[in-house]
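Now for the letters of each chain:
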Amino acid sequence: MNRFAGFFRRAIICGGVLAVSLVLAGIAGWAWHPSANSSQEAAKPSDDASLLEGFRHVEAASVSDALEQISGRKMYMTHRMRPIFPTKFAGFALTVLLKKESNNDPGALTGMLAAIDQGPPNSVYVMVVEDGADIAGMGGLMGTAMYSRNFSGAVIDGGVRDTAYLQKIGFPVYALGIVPSTSISHYRFAGSNIPVVCDGVKVSPADIIVADADGLVVVPRSSAPQVLALAQEMDFKEHSMYAWIEKLKSIQEAVKKFGRL
């Protein structure tokens, strides 16, 4: 009788240990195998956010050099395109085209304004004003709307006005010049989010615009990761060279060491 009682006690104990082990294994398995999608989403920011963050911290000159090495093309705007105050930004192109046309149509420029109201954060408003060096493509009202929608900036192949107010709110604008004129009754909206040629450079929707004190560069969206990687490498070399040049008092030796000029 005692022999059978001992057997049953051992069986119960073993069964209990096995049950606890299975529960613990289940808990461990649940903790060890999270949803693949949720883990990737938590660990990796979106490609767009990563690209913009990277381009905001590299110099436009390095981006221009990287583009020329990779694509063989010059994708920078001319010396005529200048900021209304010193600035640095990067964002995705939202393109707008205005065609020169005398008219009395109150809705001729409605599409120009709709493009702003529909534009997402981090947009750069790239406006081409046909033959518009002496026409203000935008001013304080449009700039306020862009600012309130968290646009990165604006690039106007034409003029800009209300610059005192734009500086007050800190909204960055590059333009061909500062003029007091208006586009109303002189221009008609011809499209948005279409390919345009801005100051001689082709800009497609969602291309990345990189701007700083040296000027503006247009990065085709398809080659942006490759351009960013090379521009970051160029920046690192150049910034490392300053101290080296001061130490050796020789730019030739620094160029030999870093291969950057």
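Keep in mind that this is a model prediction, so the values were computed, not measured.

(A) A look at the overall build of the protein. Counting its regular elements, the protein contains nine helices and 11 strands. Taken over 261 residues, the protein has a buried fraction of 41%. Split by element, the accessible area of the protein, about 14800 Å² in all, is 60% carbon and sulfur.

(B) Structural view of the nonpolar core. Phe55 and Val63 are the most contacted members of the largest nonpolar core, which has 39 residues in total. In terms of residue count, the dominant contributor to this core is helix H8 (residues 224-248) (six residues). Of all hydrophobic cores here, the second largest spans 26 residues; its members include Ile84, Val96, Ile156 and Ala175.

(C) The arrangement of the side chain of Ser152 in detail. Position of Ser152 among the secondary structure elements: in the loop between helix H6 (140-148) and strand S5 (153-160). A relative accessible area of 12% places Ser152 in the buried class. Within the local environment of Ser152, its side chain forms a polar contact with the backbone oxygen of Ala90, the two atoms lying 3.1 Å apart. Here Ser152 is in contact with Arg56, Phe89, Ala90, Gly91, Asn122, Ser123, Val124, Phe171 and Pro172, once residues within four sequence places are set aside.

(D) Looking closely at the pairing of S5. In terms of burial, S5 is a largely internal element, eight of the eight residues being buried. For strand S3 (residues 123-129) and S5, the ladder comprises five bridges, and the chain directions are parallel. Across the sheet, the residue bridging to Tyr125 is Ala154, located in S5. Sheet analysis places strand S4 (residues 136-138) next to S5, joined by two bridges and oriented parallel. Across the sheet, the residue bridging to Met138 is Val160, located in S5. Regarding topology, helix H7 (residues 163-169) serves as the crossover connection from S5 to the parallel strand S6 (residues 173-178), and that connection is right-handed.

(E) Representation of the environment of Ala211 within the structure. Considering the arrangement of structural elements, one finds Ala211 in strand S10 (residues 208-212). Among residues more than four places away in sequence, those in contact with Ala211 are Thr87, Lys88, Phe89, Tyr174 and Leu216.

(F) Expanded view of the confidence of the model for the protein. Per-residue confidence for the protein gives a mean pLDDT of 85; residues scoring 70 or more make up 80%. Predicted confidence is poor over residues 1-45, with pLDDT under 50, and the contacts of this stretch with residues over four places away or in other chains come to one contact.

(G) Up close: unusual backbone geometry. Phi is positive for Asn193, which is not a glycine, with a value near 50°. Structurally, the position occupied by Asn193 is in the loop between strand S7 (187-192) and strand S8 (196-198). Given the relative accessible area of 46%, Asn193 is considered partly exposed. Backbone geometry places Ala206, a non-glycine residue, at a positive phi of 75°.

What counts, and where the lines are drawn
Counting restarts for each chain: residues are numbered from 1 in the order of the written sequence. Predicted model: local features are reported for residues with pLDDT of at least 70 only, side-chain atom pairs are reported and counted for 80 or more only, and whole-chain, interface and lining totals are derived from all residues. Calculated side-chain values reflect all of the structure's heavy atoms, with hydrogen atoms and water omitted. Helix and strand definitions here come from DSSP, where helices need a minimum of 4 consecutive H or I residues and strands a minimum of 2 consecutive E residues; each element is numbered from the N-terminal end. For the exposure calls, accessible area comes from a 1.4 Å probe over protein chains only, and a residue counts as buried if that area is under 20% of its type's maximum, exposed if over 50%, partly exposed in between. Each accessible area value is a Shrake-Rupley result obtained with a 1.4 Å probe; residue values ignore everything except the protein chains displayed when judging cover. The criterion is simple. A nonpolar core is a set of buried Ala, Val, Leu, Ile, Met, Phe, Trp, Tyr and Cys residues joined through side-chain atoms within 4.5 Å. As used in this structure description, the phrase polar contact means that two N or O atoms lie within 3.5 Å; if the pair is within protein, one of them must be able to donate a hydrogen and the other to accept it, and residues adjacent in sequence are counted only when both atoms belong to side chains. Working rule for contacts: check all heavy atoms of both residues, and any pair within 4.5 Å makes them a contact. A pair of strands is labelled paired if DSSP reports no fewer than 2 bridges between them. By the criterion used throughout, a crossover qualifies as right-handed when its path from the first strand across the helix to the second strand runs clockwise, the strands pointing away from the viewer. Residue-level confidence of the predictor is summarised by pLDDT, bounded by 0 at the bottom and 100 at the top.

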